[in-house]
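A closer look at the structure
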Amino acid sequence: MTLPKHIAIIMDGNGRWAQLKRRPRTYGHIKGTRVAKKIITACSRKGIKNLTLYAFSTENWFRPQTEVSFLMKLLRRYLKRETENLVKENIRFSVIGDLTRVPGDVYQAIEQAREATAQCTGLNLVFALSYGSRQEITLAVREIAERVAKGEISADDIDEAMISTSLSTYPTPDPDLIVRTSGEQRLSNFLMWQAAYSEFYFTEVLWPNFTESHLDEALSAFSVRQRRYGKVSVNDNSIDKNNLEKLPN
Ligand code: FPP
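Residues numbered from 1 in each chain as written. Predicted model: local features only at pLDDT ≥ 70, side-chain atom pairs only at ≥ 80, totals over all residues. Heavy atoms only, no water.

What follows covers the site of the ligand. The immediate surroundings of the ligand are formed by 18 residues, with Asp12, Gly15, Arg16, Arg25 and Arg63 found nearest. Contact distances for the ligand include 3.0 Å between an oxygen atom and a backbone N or O atom of Gly15. Of all the secondary structure elements, the ones that give two or more residues to the shell around the ligand are α1 (14–20), α2 (25–46) and α3 (65–88). (Near = heavy atom within 4 Å. Polar contact = N/O pair within 3.5 Å; in protein donor to acceptor, adjacent residues only side chain to side chain. Helix = DSSP H or I, 4+ residues; strand = E, 2+ residues; numbered from the N terminus.)

Attention now goes to the environment of Leu139. Relative to the helices and strands, Leu139 is located in helix α5 (residues 133–149). Spatially, the C-alpha atom of Leu139 lies 36 Å from that of His214, the residues being 75 residues apart in sequence.

This next bit is on a positive patch on the surface. The grouping of Arg34, Lys38, Arg77 and Arg81 at the surface amounts to a positive patch. At the level of secondary structure, the elements contributing two or more residues to the positive patch comprise α2 and α3. Assignment of secondary structure puts Arg81 in helix α3. The exposure class of Arg81 is exposed, given its relative accessible area of 58%. (Patch = residues over 30% accessible without salt bridge, like charges linked within 9 Å, V, L, I, M, F, W, Y side chains within 5 Å. Areas by Shrake-Rupley, 256 points an atom, 1.4 Å probe, with all protein chains shown as cover. Salt bridge = Lys/Arg side-chain N within 4 Å of Asp/Glu carboxyl O. Lys, Arg positive; Asp, Glu negative; His and termini not counted. Charge placed at Lys NZ, Arg CZ, Asp CG, Glu CD. Buried < 20%, exposed > 50% of the residue type's maximum accessible area, 1.4 Å probe, protein only.)

Attention now goes to a negative patch on the surface. On the surface, Asp156, Asp157, Asp159 and Glu160 cluster together into a patch of negative charge. Mapped onto the secondary structure, Asp156 falls in the loop between α5 and α6 (160–166).

With that out of the way, let us pick up unusual backbone geometry. Only a minority of non-glycine residues have a phi that is not negative, and only a minority of peptide bonds are not trans. Going from Tyr170 to Pro171, the amide bond is cis rather than trans, its omega being 5°. Mapped onto the elements, Pro171 comes out in the loop between α6 and β5 (177–180). Located in the positive-phi region is Ser188, a residue other than glycine, with phi close to 45°. Even without glycine at this site, Leu191 takes up a positive phi of about 45°. Structurally, the position occupied by Leu191 is in the loop between β5 and β6 (199–202).

We now examine the packing of α2 against α3. Two elements in contact, α2 and α3, have axes separated by 11 Å at closest approach and are oriented at 30°. Relative to α3, α2 is oriented roughly parallel. The handedness of the crossing between α2 and α3 is right-handed. In this structure, α2 uses Arg25, Thr26, His29, Ile30, Thr33, Lys37 and Ile40 to contact α3, whose residues at the interface are Glu67, Phe70, Leu71, Leu74, Tyr78 and Glu82. (Axes fitted to C-alpha atoms, helices over the stretch in contact; angles between N-to-C directions. Parallel < 35°, antiparallel > 145°, perpendicular 65-115°, else oblique. Left-handed = near helix turned anticlockwise from the far one by under 90°. Contact = heavy atoms within 4.5 Å.)

Bringing helix α4 (residues 104–117) into the picture now. Taking 1.5 Å as the rise per residue, α4 with 14 residues should run 20 Å; its terminal C-alpha atoms sit 20 Å apart, in good agreement. Packed against the buried residues of α4 are α3, β3 (92–96) and β4 (124–131). (Expected span 1.5 Å × (residues − 1).)

Let's shift gears to the environment of His29. Structurally, the position occupied by His29 is in helix α2. Linking His29 and Glu67, residues 38 residues apart in sequence, is a C-alpha distance of 9.5 Å. When neighbours within four sequence positions are excluded, His29 is seen to be in contact with Asn14, Arg63, Glu67, Phe70, Leu71 and Leu74.

Here you go:
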């Protein structure tokens, strides 16, 4: 089975899951964190090379203050409790996003987890935290514009590779597969440049109910997709100059 080299997941539906159980939204986030833990281990054991989890978007800062601070505490607790396990599983942890906005103790926990796992060579686990694709692209454009202004490069030197390497995701390869749970079918400011040729997999399952078997379903759906990157299939011989349809006059 062809495995994606990079899976990116939009873990959606914690709030609705909790509401269905008549519990506060925060309960859904607790269950969602447990599920994230299981899926991280599952990806690592399956030999997936890169996993990006959308843990908190730039827009999530506009949620009620109590929910924001709960999510930050949850993240800190996850990192404190899990770092040792990440090392044991040979998982390297890093973060993309605007960390100037996260509370100091969360930032510290992130730095500790990053340092502790820096030498790990297995799964590359990335949390998109306080992350927004538009903001990421804006920063990259600004940085390139400054280099042009300083005369280090000319405008003609700007190409797709330069933009890709200026994004925070570099050097992680673009995601082959983007999974979104809970029935929503949109990108929500996640990896917009990087998703140019990603395969999408949407499931109605709410994130707290997402299991390893759901992950397997996504992986087998991916393995039968034909990725043509805008070209035609290599086995497609139907385009033969003797066999072209006549164009209408
Ligand atoms: C979406 O559910 C989820 C989030 C905004 C946060 C994702 C966070 C977690 C899964 C927990 C923290 C993760 C880790 C790895 C420590 P929602 O609240 O938007 O749900 P709704 O759409 O049903 O309201």
